[in-house]
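# Tertiary structure, described
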Amino acid sequence: MALYDTDDEQEKVVLVGVELNPLDDCGKSLEELAELAKTAGAVTVGKMIQPRDSFHPATYIGKGKLEELRLMIDELGATGIICDDELSPAQLRNLEDVLNTKIMDRTMVILDIFAARASSSEGKIQVEMAQLKYRSTRLAGLGTTLSRLGGGIGTRGPGEKKIETDRRIIRDRIAHLSGELKEIKSHRDVQRQNRQDSSTPVAAIVGYTNAGKSTLLNRLTDAGVLSEDKLFATLDPTTRALTLPNKEKVLMTDTVGFIRKLPHNLIEAFKSTLEEAKYADMIIHVVDCSNDDYERHMATVYETLKQLDVGDKPIITLFNKCDKYGELPILKDSKADYVENISARTGVGIDEFLEDVQDIILKSRIRIERVFPYSDAGKIQLIREYGQLESEEYTQEGISVKGYVPAWVGGKL
């Protein structure tokens, strides 16, 4: 009896980019797109870049390049193309008509990866919401391409159900998911308020995808978070308590990684998750300094934080993976209050980083030097619980105390 391999054939894709400005370095962007495609399960067999003043409104690239692309697809045996920018419904339809192959864009691939990686109920709802909003804007006039909107690589997520191509059903589903997200956001707000009420400082770990945020959290807290050399290895935020060398506690919260051209719908869907940075006491910015494009990655992170309205908070920038250098160059970040070179994998520089965290917390505290009468001895427990008690001496006049406390505790003393 003959045996047949029933595994899905691996998608072979050609990457297509339009370079509007040589300073944008479209080549680097396509390298990242190739990593995204690989993460989603496809193999890149070819690349094409066209310098243009603007995207072609009908076909993304010009007519001449379009014919060249059609021949490239046939020659390389590609099963689809991925464009490096979000395509309009008309561009999707026209490209499919001319090329007669699967058409995907950067947004679709990122959504595929998020759909595959989301594990918590919140993450799954957020991804489905973003997918549905993306598809809802691409229903009108797509005709035969509706079948191709089942998803990008691997057709993951809600797109698998053809009935969801119906505009009304998608609208109803989005409304239902919005309600669920509101409940989750309300629960997250309560958790956040409880953390603020406990006065335990919170540090939000942010950074470009694959910069080493989860590896850092694991190094600091033994969190056991999945840590892989892949884009968007983890999506769900994780909060763990860290005991600093001075015995004080701080809550470390890992957030979803940023990436250039991060789809707007994803930013909206993950807003409650990303807002962990907005309400944190400090920002830990992790940078993969071994990546040649690290400066552009840093700019993307700061731009995303600006979109999230993250205000003026102390920032510690950690140039991670410094162990990959023989001799480390001088690395700077003008937006950061503290800069350290670290290796989350080996532990190099972690002690200096923890001193920075302690310094930030200390600067946010009020200095206390006071003698409490024995009748007010209970107040000293507030210093022990919420602050840092440096010394405690029992004298004839009362209890002489030196230490630091948050402003709200100082008001109660």
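I will try to describe carefully the structure that is included in this document. Since we're looking at a predicted model, the values are computed, not measured.

Taken together, the six strands give an open sheet; going across it, the order is β6-β7-β5-β8-β9-β10, and neighbouring strands pair in mixed fashion. Strands at the two margins of the open sheet, each flanked by one partner only, are β6 (238-243) and β10 (338-341). Strand-to-strand twist across the sheet, computed as the mean angle between neighbouring axes with direction ignored, equals 25°. Relative to strand β7 (residues 249-254), strand β5 (residues 202-207) runs parallel, the two sharing four bridges. Paired with Ala 203 across the two strands is Met 252, which belongs to β7. Against the sheet, helix α10 (residues 294-307) makes contact with β5, β8 (282-288) and β9 (315-320), and its axis sits at roughly 150° relative to β8, the strand it touches most. On the sheet, helix α11 (residues 350-363) packs against β6, β7, β8, β9 and β10 and is oriented at approximately 165° with respect to β10.

This next bit is on the packing of aromatic side chains. This structure, assessed with the given rule, holds three aromatic pairs. Seen in terms of ring centroids, Tyr 294 and Phe 319 are 6.0 Å apart; in terms of plane orientation they differ by 85°. Their pairing is edge-to-face. With Tyr 294 in helix α10 and Phe 319 in strand β9, the pair connects residues that are 25 residues apart, well separated along the chain. Judged on exposure class, the residue Tyr 294 and its partner Phe 319 are both buried. Ring plane angle 20° and centroid distance 6.2 Å describe the contact between Tyr 374 and Tyr 394, whose orientation is recorded as stacked. Here Tyr 394 lies in strand β12 (residues 388-394) and Tyr 374 lies in the loop between β11 (366-372) and α12 (379-386), a separation of 20 residues in the sequence.

The next point concerns the sheet that holds β11. The strand order β11-β13-β12 describes an open sheet built from three strands, whose pairing is antiparallel. Each having just a single partner strand, β11 and β12 make up the two edges of the open sheet. For this sheet, the mean angle separating the axes of adjacent strands, direction not counted, is 10°. Pairing analysis gives seven bridges linking β11 to strand β13 (residues 399-405), with the strands arranged antiparallel. Within β13, the residue paired with Glu 369 across the bridge is Lys 402. Helix-sheet contacts for α12 involve β11, β12 and β13, and the interaxial angle to β12 is about 150°.

Under the definition given, this model contains 20 salt bridges. Here Arg 70 makes a salt bridge to Glu 67, at a shortest N to O gap of 2.5 Å. With Arg 70 and Glu 67 both in helix α2 (residues 63-76) and three residues apart, this pair spans about one turn of that helix. Judged by its relative accessible area of 28%, Arg 70 falls in the partly exposed class. For Lys 321, the salt bridge identified is with Asp 288, shortest N-O distance 3.3 Å. Taken together, the residues span a long stretch of sequence, with Lys 321 in the loop between β9 and β10 and Asp 288 in strand β8 at a distance of 33 residues. Each member of the pair Lys 321 and Asp 288 is classed as buried. One connected set of salt bridges, linked through shared partners, spans Glu 32, Asp 84, Asp 85, Arg 106, Arg 260, Lys 261, Asp 293 and Arg 296.

Across the six residues that make up β7, a large majority, five, are buried. Where β6 folds back on β7, the antiparallel hairpin that results is connected by five residues, among which Lys 247 adopts a positive phi of roughly 75°.

Below, the discussion takes up the pairing of strand β1 (residues 11-19). The buried fraction of β1 amounts to eight of the nine residues, a majority that puts the element mostly inside the structure. Two strands pair when backbone bridges link them, and β1 and strand β2 (residues 42-51) are joined in this way by nine bridges, in the parallel orientation. By the bridge assignment for β2, Val 18 is matched with Gln 50. Each parallel crossover has a hand, and for β1 linked through helix α1 (residues 26-40) to β2 it is right-handed.

Calculation notes
- Residues numbered from 1 in each chain as written.
- Predicted model: local features only at pLDDT ≥ 70, side-chain atom pairs only at ≥ 80, totals over all residues.
- Heavy atoms only, no water.
- Pairing = 2+ DSSP bridges.
- Helix = DSSP H or I, 4+ residues; strand = E, 2+ residues; numbered from the N terminus.
- Axes fitted to C-alpha atoms, helices over the stretch in contact; angles between N-to-C directions.
- Contact = heavy atoms within 4.5 Å.
- Phe/Tyr/Trp six-rings, centres within 6.5 Å; stacked < 30°, edge-to-face > 60°.
- Buried < 20%, exposed > 50% of the residue type's maximum accessible area, 1.4 Å probe, protein only.
- Salt bridge = Lys/Arg side-chain N within 4 Å of Asp/Glu carboxyl O.
- Right-handed = clockwise from strand over helix to strand, strands pointing away.

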